[in-house]
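Next come the chains, spelled out residue by residue.
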Amino acid sequence: SVSMLGQGAFQGCEKLKSVKLPKYIKDLKSYLFSYCSALPEIEIPETVTQIGTEVFWNCHSLSEIHLPDALKVISNDVADGQHKYQVTYRGIHFSAGTDAGTCVYMIDNYNFHVTLPIDKKISILIQMYQKNPDEERLLQYLKGKDFLIEVVLLISENQTAVIREIVSAGQLIPKGAVDKMIRLA
């Protein structure tokens, strides 16, 4: 049985429409599916622990990627910034262009001092809170000044969709505080 595929094994296969990866593969090598522009979906086996550089680069037909829970390493530039893929990892959804690795790192390590677009970061934080509202490291960050500064920046940028997410998540920000911040911004 196949347990490894070489770097760029399917790179440039523009007519490739489906592929079934081997059940025991552990590593998606760099450029594996780069420029497979007709590939609409791919199922990544739960055994995969590493995803290399530009694996899904210019996969125009691909819209969704489910990352396995066993994942330990993922390149930040797994996909190009022009095509946003909906990614699911550990039940958390986010769009990924050139920052998938940072998102996965934040989710896995509860390290919230990462460089991400603020709206994406807060959306992930809210989902993490909804899945595990008693996680101490997450609560500490959400109650701190950095989170409030990020919310104020969202308000000043008029990011209403994310602000609605914060309000609907409840208890992340004291009742009435968002209205007060909006008035101040």
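Up top you'll find the structure we're talking about.
Anyway, here's the lowdown on the structure attached to this text. (Residues numbered from 1 in each chain as written. Predicted model: local features only at pLDDT ≥ 70, side-chain atom pairs only at ≥ 80, totals over all residues. Heavy atoms only, no water.)

Before going further, it helps to examine the overall build of the chain. Each helix and strand in the chain was counted, giving 6 helices and 6 strands. Ordering the α and β elements of the chain from the N terminus gives β-β-β-β-β-β-α-α-α-α-α-α. When burial is assessed residue by residue, the chain has 44% of its 185 residues classed as buried. Long-range pairs, those at least 24 residues apart, make up 31% of the contacts in the chain with a sequence separation of at least 6. Approximately 10,100 Å² of the chain is accessible, and the part contributed by carbon and sulfur atoms is 50%. (Helix = DSSP H or I, 4+ residues; strand = E, 2+ residues; numbered from the N terminus. Buried < 20%, exposed > 50% of the residue type's maximum accessible area, 1.4 Å probe, protein only. Contact = heavy atoms within 4.5 Å. Areas by Shrake-Rupley, 256 points an atom, 1.4 Å probe, with all protein chains shown as cover.)

In this approach, a probe sized like a water molecule rolls over the atoms, and the result shows the empty space that is left. Quantified by volume, the largest pocket comes out at close to 280 Å³. Lining the largest pocket we find 14 residues, and of these Val19, Lys20, Leu21, Glu43 and Ile44 sit closest to its centre. (1 Å grid on protein atoms, 1.4 Å probe; cavity = no way out; pocket = protein on both sides within 12 Å on 5 of 7 lines; lining within 4 Å. Points joined across faces, edges and corners; volume = space filled by probe spheres on them.)

The final tally for this structure, using the stated rule, is 4 aromatic pairs. Arranged with centres 6.2 Å apart and planes meeting at 5°, the rings of Phe33 and Phe56 form a pair that is stacked. Of the two residues, Phe33 is situated in the loop between β1 (27–28) and β2 (50–51) and Phe56 in the loop between β2 and β3 (64–67); the sequence distance between them amounts to 23 residues. The exposure classification of Phe33 matches that of Phe56, with both residues buried. For the pair Tyr110 and Phe112, a centre-to-centre distance of 6.0 Å together with 90° between the ring planes defines the contact as edge-to-face. Overall, Tyr110 belongs to the partly exposed group, its relative accessible area being 21%. (Phe/Tyr/Trp six-rings, centres within 6.5 Å; stacked < 30°, edge-to-face > 60°.)

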